[in-house]
Amino acid sequence: MEINGQEGHRHEESSSEWFVKYLKHQGDWLEKTRGNLMVTATVIAGMSFQVMVNPPGGVWQSDNCSFGNQTGTAPVCKGKAGTAVLEYESSKRIAYLGMVISSTVSFSASMSLILLVISGIRLRNRMIMAILVTFMVVAVLCISAAFFFTIVLVQSDDQIIRDILLIYVGFWVIFPVLILLIQLVRFIGWLICFMCCCCCQRRRRSPQRLLPLAPSPAN
């Protein structure tokens, strides 16, 4: 029983050591990915910022207010100076809010990634890189959504443009799902390899049972 406990403990240590070694795997591709993520996050943050400070349709140069027929009544303003023109369009309200939300999320994800990279935290393992990639995926998807809402804000009721937008939405729905399925297959393959490796180590370290010796014939 003591030998079996020691063997099981050694098996757990070897499996955990192998998993830690896998997470802390170092290579040139980690540094390259880190640099690429930094550049991409900077570009996406600039794009998101530009969309918000220069919204489609421009901004009001002065207050657009009307005082009505009665004197002493509060003015009714359809637009205030410095605010987006399309913000006050009721027919474009949903698209404008979608653009604001997607641009804000994209900018926040990009800046969080940049802050995480320059903060000095060790990024030499796959788990941290997975977090960085997650931030980047959110930023890319949100900036793509912001582009879609921007086109909806500035386009007229044209059937050709609607068909193009429909193809665009279909692409950004199918393509991420395809990437997710590929990553899921890779994860399942890694999990199968990990389980097979654990089973092989268990078989190698299992104590061999000795067969009892046959009794010698009596003289």
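Each value, and the rule that gives it
Residues numbered from 1 in each chain as written. Predicted model: local features only at pLDDT ≥ 70, side-chain atom pairs only at ≥ 80, totals over all residues. Heavy atoms only, no water. Helix = DSSP H or I, 4+ residues; strand = E, 2+ residues; numbered from the N terminus. Buried < 20%, exposed > 50% of the residue type's maximum accessible area, 1.4 Å probe, protein only. Contact = heavy atoms within 4.5 Å. Disulfide = S-S within 2.5 Å. UniProt positions renumbered as here; feature names shortened; annotations may be inferred. Phe/Tyr/Trp six-rings, centres within 6.5 Å; stacked < 30°, edge-to-face > 60°. Patch = residues over 30% accessible without salt bridge, like charges linked within 9 Å, V, L, I, M, F, W, Y side chains within 5 Å. Areas by Shrake-Rupley, 256 points an atom, 1.4 Å probe, with all protein chains shown as cover. Salt bridge = Lys/Arg side-chain N within 4 Å of Asp/Glu carboxyl O. Expected span 1.5 Å × (residues − 1).

Another aspect to go through is the overall build of the protein chain. Each helix and strand counted, the protein chain has five helices and two strands in total. Counted from the first residue to the last, the protein chain has its helices and strands arranged as α-α-β-β-α-α-α. For the protein chain, with 219 residues in total, the buried portion stands at 22%. Taking all contacts inside the protein chain whose residues are at least 6 apart in sequence as the whole, residues at least 24 apart take part in 70%.

Cysteine pairs can be covalently joined through their sulfur atoms, and such a bond is termed a disulfide. One pass over the structure, following the stated rule, counts zero disulfides. This cysteine, Cys193, is not joined by any disulfide, and Cys196 carries the nearest cysteine sulfur, 6.5 Å off. Accessibility expressed as a relative area gives 44% for Cys196, which makes it partly exposed.

The feature "transmembrane region" (unreviewed entry), as annotated in UniProt, sits at residues 94–118, 130–154 and 166–199 in this numbering. The annotated region residues 94–118 carries 100% helix and 0% strand content, and the separation between its end C-alpha atoms amounts to 36 Å.

Right, let's get into the packing of aromatic side chains. In the structure shown here, the tally under the stated rule is seven aromatic pairs. Ring geometry for Phe147 versus Tyr168: centroids 5.5 Å apart, planes at 55°, classification tilted. You can see Phe147 sitting in helix H4 (residues 126–154) and its partner Tyr168 sitting in helix H5 (residues 159–205), a full 21 residues away along the chain. Centre to centre, the rings of Phe171 and Trp172 are 5.4 Å apart; their planes meet at 85°, and the pair counts as edge-to-face. Of the residues examined, Trp172 reaches a relative accessible area of 26% and is grouped as partly exposed. The structure contains a cluster of three or more aromatic residues connected by ring pairs, namely Phe147, Tyr168, Phe171, Trp172 and Phe175.

Turning next to a nonpolar patch on the surface. A grouping of Val169, Val173, Ile174, Val177, Leu181, Leu184, Phe187, Ile188, Leu191, Ile192 and Met195 is seen on the molecular surface, where their side chains present a nonpolar patch of about 980 Å² in accessible area. The topology assignment puts Val169 in helix H5.

Helix length check: helix H3 (residues 93–118) (26 residues) gives 38 Å between terminal C-alpha atoms against 38 Å at 1.5 Å per residue, within 8%. With its phi angle positive at about 90°, Gly120 sits one or two positions after the end of H3.

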